[in-house]
Amino acid sequence: MTDSDRETQFAWRLILVPLLCLGGAFGGGYVLYQDLHDSGEASGGKTLGKVERREAQVRRKSAHSYIWNNIDAGENLFIKDSVQTGRGSAVSLRLVDGSILDIGENSLVVMDDSAELSLGYLRGSIVVHKAEGDSKISVGKDGKTHVEDLVVRLLKPESLARYFVPEKTLKSMTFGWDLRVPGTHSEGFTFQVSDDPRFYSQSTVSIQLNESEKERGATHLTQSVSTQLGPGLYYWRLIQKNKILSEVRRFQIFSALALQSIWPANHAKVKVLASDRTFSPRWVASKVSTQGEGRPQLEEHILEIARDTNFKDLVVSELINPTTGSTAVHGLSNGSLYWKIKSVYRDRGGEIKAYSAVKQFDLILQTTAEKLAENPPLKKMIEPSVKSPLLPFPDRVNPGPGTTLNLLDRKVSVEASWGKVLGAEKYDVTIYSASSGSGVQGKVAFQRNFPIQKV
């Protein structure tokens, strides 16, 4: 081989190696993209059922994927899908054959035909509900899968159920179950409900059950017991001499609370720009919401603004997100107005409504010149310091002059916004701190410029 041939071969290697690397990277990226967007349906898998309800973090991975994705109520499950629950999580699955699987926390199961479910890889525990009875499948300390037939089938409340109760009241809960083994009766049974999944808490309620005459010799018998409970997360079961006869189910009771309104305060004067007519009512943001979590929406929060105290002459009625703490309202006119927030909670027991306090405020429309006239420090800041003309002051500035924010926490986010100014290349934003009510420019608390991105 001549020196020329060697140089040619070396040159080809220099070209081929980068091309192969780029091809491999492209191919791997494409496979990852397909993996992220693929589903059991797309891969031709057999549909086994769908997600009925879930609590907290529940993930699914198909047999042909390396990616774990969160799943929500209504999503289909396919053969060989892996389902995983985290700490404090649970999921209820309904299979196409009518069976229901309740998977507890810290569990992992590979979906298979329900008849062979015990043969799938399993970590943790699941309860299988079939027409002929219930079974608990778990992995013992020996690493082997154990199947245990349950004497009692729990009926209500259903797994992961959610209920609401008016503030400062208790909810009357009725618990029902079925005796599934012929010749079994409830003598010596103990019903337990607790806020502790291990039932160690002092708040555990235990009720001893007595055998009734009509249940003697019954093959299947539905029984129930009632007790009153306040808001909280609960677990319930049936035992007999420390032997667990049923699964452990969990449910939750929420207080149907009204959101606490903050601003406008009662009898406040709200001044907004006439060119925009926008202001932002505020409330205490709800840290706990029953919305989402892979279940149908159980609550609605509605902002209402009216011209009368009975709210018959409504001018605004719109859904709001309770966790945001504020919303923008547009297009209102001058005059005296009333506002409140209506919260509607729904469960199988019906509907509960709660209302914030009704507050009256006066809406006053102003021009930009009028706003500046009321705030000399702000007017001085935007007056031209040289004889050359400046661009106009931005319209629709929020919060506007004279706005008062009632903050319940020292560390909160305050959103500032302004209208676009034609010809501007950047906006210089400065926030000054001053003594309360002084209206005098003081120490610079925040200063930043926002360049306008060119398109």
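The following paragraphs examine the structure supplied in this document. (Residues numbered from 1 in each chain as written. Predicted model: local features only at pLDDT ≥ 70, side-chain atom pairs only at ≥ 80, totals over all residues. Heavy atoms only, no water.)

What follows is about the overall build of the chain. Scanning the chain for helices and strands turns up three helices and 33 strands. Within the chain, counting contacts between residues at least 6 apart in sequence, those at least 24 apart form 58% of the total. Accessible area for the chain stands at about 26,900 Å²; split by element, carbon and sulfur atoms hold 51% of it. (Helix = DSSP H or I, 4+ residues; strand = E, 2+ residues; numbered from the N terminus. Contact = heavy atoms within 4.5 Å. Areas by Shrake-Rupley, 256 points an atom, 1.4 Å probe, with all protein chains shown as cover.)

On to the nonpolar core, then. By size, the foremost hydrophobic cluster in this structure holds 22 residues, and its most contacted members are V152, F175, W177, W236, L238 and F251. Residue assignment for this core shows that the elements contributing at least two residues are β13 (152–156), β14 (161–166), β15 (171–179), β16 (190–194), β18 (221–229), β19 (232–240) and β21 (249–256). Among the elements that make up this core, the one with the highest residue count is β15 (four residues). Not counting residues up to four positions away in its chain, the partners in contact with F251 are P157, A161, Y163, M173, F175, V193, L229, G232, L233, Y234 and W236. Core analysis: the next-biggest nonpolar cluster, separate from the first, contains 19 residues, L259, I262, V316 and I341 among them. (Core = buried A, V, L, I, M, F, W, Y, C linked by side-chain atoms within 4.5 Å. Buried < 20%, exposed > 50% of the residue type's maximum accessible area, 1.4 Å probe, protein only.)

Throughout the structure, instances matching the rule amount to 13 salt bridges. Among the salt bridges present, the one from R94 reaches E52, with a minimum N-O distance of 2.8 Å. Taken together, the positions of R94 in strand β6 (residues 90–95) and E52 in strand β1 (residues 47–55) put the pair 42 residues apart, joining distant regions of the chain. A relative accessible area of 35% places R94 in the partly exposed class. The salt bridge involving K342 is made with E304; its shortest N-O contact spans 3.6 Å. In this pair, K342 is assigned in strand β29 (residues 335–347) and E304 in strand β26 (residues 299–306), connecting sequence segments 38 residues apart. No difference in accessibility class separates K342 from E304, as the two residues are buried. Residues joined by salt bridges that share partners form a network here, namely E52, R53, R94 and E158. (Salt bridge = Lys/Arg side-chain N within 4 Å of Asp/Glu carboxyl O.)

Burial analysis of β6 places five of its six residues in the buried class, which makes it a mostly covered element. Pairing analysis gives six bridges linking β1 to β6, with the strands arranged antiparallel. Counted as the bridge partner of E55 is A90 from β6. In this structure, β6 lies alongside strand β7 (residues 100–103), joined through four bridges in antiparallel fashion. Opposite L93, over in β7, you have L101 as the bridge partner. In sequence, β6 turns back onto β7 through a hairpin of four residues, with G98 there showing a positive phi of about 95°. (Pairing = 2+ DSSP bridges.)

So, about the packing of aromatic side chains. In this structure the tally under the stated criterion is 11 aromatic pairs. Each ring, one from F175 and one from W236, has its centre 5.0 Å from the other, and the planes form 55°; the classification is tilted. Here F175, found in strand β15, pairs with W236, found in strand β19; they are 61 residues apart in sequence, far enough to count as distant. Each member of the pair, F175 together with W236, is buried. Ring centres 6.2 Å apart and planes at 15° place the aromatic pair W177 and F191 in the stacked group. (Phe/Tyr/Trp six-rings, centres within 6.5 Å; stacked < 30°, edge-to-face > 60°.)

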